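Structure at a glance
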Amino acid sequence: MKTIIAEKPSVAREIARIVGATKREEGYFEGGGYAVTWAFGHLVQLAMPDGYGVRGFVRDNLPIIPDTFTLVPRQVRTEKGYKPDSGVVSQIKVIKRLFDTSEHIIVATDAGREGELIFRYLYHYTGCTTPFVRLWISSLTDKAIREGLRKLEDGSKYDNLYLAAKARSESDWLVGINGTQALSIAAGHGTYSVGRVQTPTLAMVCERYWENRRFTSEAFWQLHIATDGCDGEVVKFSSSEKWKEKEPAMELYNKVKAAGCATVTKAERKEKTEETPLLYDLTTLQKEANAKHGFTAEQTLEIAQKLYEKKLITYPRTGSRYIPEDVFAEIPKLLAFIGTQPEWKDKVRAKAAPTRRSVDDGKVTDHHALLVTGEKPLFLSKEDNTIYQMIAGRMVEAFSEKCVKDVTTVTAECAGVEFTVKGSVVKQTGWRAVYGEEKEEITIPGWQEGDTLTPKGSSITEGKTKPKPLHTEATLLSAMETAGKEIEDDALRQVMKDCGIGTPATRASIIETLFKRGYMERCKKSLVPTEKGLALNSVVKTMRIADVAMTGEWEKELARIERGELSDDTFRKEIEAYTREITSELISCDKLFGSRDSGCACPKCGTGRMRFYGKVVRCDNTECGLPVFRLKAGRTLSDDEIKDLLTEGHTKLLKGFKSKQGKSFDAVVAFDGEYNTTFVFPEAKKDKKFSGRKK
């Protein structure tokens, strides 16, 4: 008998049907000479510190660096600590029995780094020695599974993939466990979670927040003239220069207004080609789904995974935006299929040969770019259909013709001021026709250098400089993809992908972790760091734990392990040295959390004392631990203001707060019924008396 192990029960069911394993047993399907079983995610994980005899957060125990990591069944948290999940333990027993009684194992976990780790950890934990082969497929259609089963590969071919996955897993454990314990010990109270990827990601969110909040908007003035264009249309020129002072701008405006003519000093006409967009990888799909439809990165990943398991799209956790030659051969058929759907009926050109910009064998990683499979998308929810149609639409765009435009730029001089206007005429709409996104054409007459123009009107406008907006999930994913470097070009971003932080498969969970830890929150589409997040970042922002570029270099090294260019042992030694360094650095943060008595009892529990810890004031009763963060809307509360809040339940009216839109405001800081801090505004507090809410 042969055992096939899939990552999820739903995938196991599909494979079982194809191999004829139709008899349902406890934890597996059987039949046709096969047993088809499944994991449900990671059944086996690295043991927590107590698995190495280390209990509690104790300074002298750090850093915790096991000689050899211990594998344990996935655990659940209980009142008495962590214990193995009983359902997981039962499934592991089923898998071990099947592994031990099989002639060989077919590994059908998801074909990627984490899928490989799920199997290998299970294989090692159960002490299995049965030989195994790999099923490596990019979609779950019957055809793909059958072809994959005919082309099974020796499991050892994926040893480097496993070593990279193992190195990632162990490095995250070392940095996360030691960093979190060290910082929490330094703080004295509470748990401050840090991590190899989550902390640099938080640093990017906080850095953008402060850049936005500290930005001082400046006014500028610009001049404009209008003249007749083609077919009675008005052509509007704008001054090349913008003035920071109104007076000189007005002086020039009056001269321009009085002038009777303008002279063309330059006229350039060029043909501009806009290449088709590359196909989606997971990160680009997540970015565009967030920007266009407001989907979170995690929501997009969950939907894409669901569509994959329904056989509607290819493997979603891909980092490539290209397809190989053999897949390109299938594209005409897939485009014809898309063209049969109502949404795309008039968008697919049946006889046109697909363009090849997204075709490159050398740029395909574990999996090629996202494609639909040709299975009919029936009975999809609105959200699922949105993601499916995005992938289908991008395929139509990617294999359409280029968009070609004639672009004209004209410069004219009027009263000593230079004005410019740019116009374009589309010669070939190409891929831009798919969503009808081509901009309104501005036709510029055939003016030549030396021509005299007669202005029909002039104007002056006042504008204001704007800060970089707060990160959205779309812009944060871009920043994670390129380790904070701002890169617009699709192809160049692909080159940078090995230097990004996280992977396409993990970035969504990193973002969600920051929400769960209370380090940031959503404000409409914007990501806003919380007081806790800003407080943590203020402590670690200059330390190596928050270094985005270094974390990006690690991702590059993990990719090298995967390619067999770097020893995982070398990487492990680097991480161990780094762990010792950050542990020492974070423990020394106790001076930043310097504890002193506030002189106030805890307003919540009434028994503890409130103590100052630098960025936070916290109750020293471990059963309570009420935290009050000093930083509120860009303003730090003084000791006296904190004392007012603790004793009276509110502060006096305070000035100097800044809203999420960057506007200054005055407010009273008060406790609500749950002892969270809230703002009370002057107009809302008229004739009201405040009293501290004490127990």
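Residues numbered from 1 in each chain as written. Predicted model: local features only at pLDDT ≥ 70, side-chain atom pairs only at ≥ 80, totals over all residues. Heavy atoms only, no water.

Taking 1.5 Å of rise per residue, the 15 residues of helix α17 (residues 548–562) would be expected to cover 21 Å, and the 21 Å separating its terminal C-alpha atoms lies within 8% of that figure. Buried within α17 are the following residues: Val548, Met550, Thr551, Gly552, Trp554, Glu555, Glu557, Leu558, Ala559 and Ile561. On the buried face of α17, the contacting elements are α3 (113–125), α5 (159–187), α6 (198–213) and α18 (568–587). Its side-chain oxygen at 3.0 Å from the backbone nitrogen of alanine 549, aspartate 547 defines the N-terminal cap of α17. Phi turns positive, to about 80 degrees, at glycine 564, one or two residues after α17. (Helix = DSSP H or I, 4+ residues; strand = E, 2+ residues; numbered from the N terminus. Expected span 1.5 Å × (residues − 1). Buried < 20%, exposed > 50% of the residue type's maximum accessible area, 1.4 Å probe, protein only. Contact = heavy atoms within 4.5 Å. Polar contact = N/O pair within 3.5 Å; in protein donor to acceptor, adjacent residues only side chain to side chain.)

Attention shifts here to the packing of aromatic side chains. Under the definition given, this model contains 21 aromatic pairs. On the basis of an interplanar angle of 75 degrees and a centroid distance of 5.1 Å, the ring pair of tyrosine 209 and tryptophan 210 is categorised as edge-to-face. The pair formed by tyrosine 209 and tryptophan 210 is uniform in burial state, with each residue classed as buried. Geometrically, the ring pair formed by phenylalanine 657 and phenylalanine 665 is stacked, given 5.5 Å between the ring centres and 25 degrees between the ring planes. (Phe/Tyr/Trp six-rings, centres within 6.5 Å; stacked < 30°, edge-to-face > 60°.)

We now examine the sheet that holds strand β17 (residues 452–453). The antiparallel open sheet is built from 7 strands, whose spatial order is β17-β14-β15-β16-β13-β12-β18. The sheet is open, and its two borders are formed by β17 and β18 (457–464), each paired with just one other strand. As paired elements, strand β12 (residues 219–228) and β18 share 8 bridges and run antiparallel to each other. Considered in β18, the bridge of isoleucine 225 is made with serine 458. (Pairing = 2+ DSSP bridges.)

Here we take up α3. Under the 1.5 Å per step criterion, the end-to-end length of α3 is 18 Å for 13 residues, consistent within 8% with the ideal 18 Å. Most of α3 is tucked away: 10 of the 13 residues are buried. Among the residues of α3, Arg113, Gly115, Glu116, Leu117, Ile118, Phe119, Arg120, Tyr121, Leu122 and Tyr123 are the ones counted as buried. Glycine 127 sits one or two positions beyond α3 and adopts a positive phi of about 65 degrees.

Note on placement: serine 139 falls in the loop between β10 (132–134) and α4 (142–150). Within the structure, serine 139 has its side chain in polar contact with the side chain of threonine 141 (distance 3.3 Å).

Attention shifts here to the nonpolar core. In a soluble, globular protein the nonpolar side chains are often hidden away together inside. Core analysis: the largest hydrophobic core is formed by 91 residues, its most contacted members being Ile105, Leu183, Val540, Ile545 and Leu586. Considering each element in turn, this core owes the most residues, 13 residues, to α5. Apart from the residues lying within four places of it in its own chain, the contact partners of valine 540 are Leu183, Thr199, Ile545, Ala546 and Leu586. Membership of the second largest hydrophobic core comes to 57 residues, among which are Leu135, Leu279, Leu335 and Ile391. (Core = buried A, V, L, I, M, F, W, Y, C linked by side-chain atoms within 4.5 Å.)

Direction vectors running N to C along helix α11 (residues 331–339) and helix α12 (residues 382–398) enclose 125 degrees, while the axes themselves pass 10 Å from each other. What the angle tells us is that α11 and α12 run oblique. Of the two elements, α11 crosses α12, and the hand of that crossing is left-handed. Every residue of α12 that contacts α11 at Ile331, Leu334, Leu335, Phe337 and Ile338 is listed here: Tyr388, Ala392, Met395 and Val396. For the contact of α11 with α12, the per-class residue count stands at 9 nonpolar, no polar and no charged. (Axes fitted to C-alpha atoms, helices over the stretch in contact; angles between N-to-C directions. Parallel < 35°, antiparallel > 145°, perpendicular 65-115°, else oblique. Left-handed = near helix turned anticlockwise from the far one by under 90°. Nonpolar A, V, L, I, M, F, W, Y, C, P; charged D, E, K, R; others polar.)

Across the protein chain, the average pLDDT comes to 90, with 94% of residues at 70 or higher. Confidence, expressed as mean pLDDT per element, reaches its minimum in the protein chain at helix α14 (residues 490–496) with 57 and its maximum at β10 with 98. Note on residues 684–695: pLDDT under 50 across the span, and 26 contacts to partners over four residues away in sequence or across chains. (pLDDT = per-residue confidence, 0-100.)

With that out of the way, let us pick up the packing of helix α8 (residues 282–293) against helix α9 (residues 297–309). Working note: a packed helix pair is described by the angle between its axes plus the distance between those axes. Running from N to C, α8 and α9 point in directions that differ by 120 degrees, and their axes come no closer than 9 Å. Comparing their axes, α9 and α8 come out oblique. Crossing angle aside, the handedness with which α8 passes α9 is right-handed. Each of Leu282, Leu285, Gln286 and Ala289 in α8 lies in contact with α9, whose residues at this interface are Ala297, Thr300, Leu301 and Ala304. Tallied by class, the residues present in the contact of α8 with α9 amount to 6 nonpolar, 2 polar and no charged.

To continue, consider unusual backbone geometry. The omega angle of the peptide bond from leucine 62 to proline 63 is -5 degrees, so this bond is cis rather than trans. One non-glycine residue, tyrosine 675, lies in positive phi territory at about 65 degrees. Secondary-structure assignment places tyrosine 675 in the loop between β28 (664–671) and β29 (677–680).

Remark: a regular strand shows side chains that alternate across the two faces of the sheet. Bridge analysis of strand β19 (residues 520–523) against strand β20 (residues 526–529) gives 4 bridges, and the strand direction is antiparallel. Looking at the pairing, cysteine 523 lines up with serine 526 of β20. Joining the antiparallel neighbours β19 and β20 is a turn of 2 residues, in which lysine 524 adopts a positive phi near 60 degrees.

Scanning the model with the defined rule gives 48 salt bridges in all. The residue lysine 306 makes a salt bridge to aspartate 384 at a minimum N-O spacing of 3.3 Å. Here aspartate 384 lies in helix α12 and lysine 306 lies in helix α9, a separation of 78 residues in the sequence. Since its relative accessible area comes to 38%, lysine 306 is described here as partly exposed. A salt bridge links glutamate 641 to arginine 635; the shortest N-O distance between them is 3.0 Å. A relative accessible area of 15% means that glutamate 641 is categorised as buried. A single network of salt bridges, built from pairs that share partners, joins Glu114, Arg168, Asp172, Arg196 and Glu555. (Salt bridge = Lys/Arg side-chain N within 4 Å of Asp/Glu carboxyl O.)

Burial runs high along strand β9 (residues 104–108): 5 of the 5 residues are buried. Burial along β9 is two-sided: His104, Ile106 and Ala108 and Ile105 and Val107, pointing in opposite directions, are all buried. In terms of strand pairing, strand β1 (residues 2–6) meets β9 through 5 bridges, oriented parallel. For isoleucine 4, the partnering residue across the bridge sits in β9 and is isoleucine 106. Across 3 bridges, the pairing between β9 and β10 is parallel. In the sheet register, isoleucine 106 faces β10, and the bridge partner there is valine 133. You can see the chain leave β9, run along α3 and come back into β10, and the turn it takes is right-handed. (Right-handed = clockwise from strand over helix to strand, strands pointing away.)

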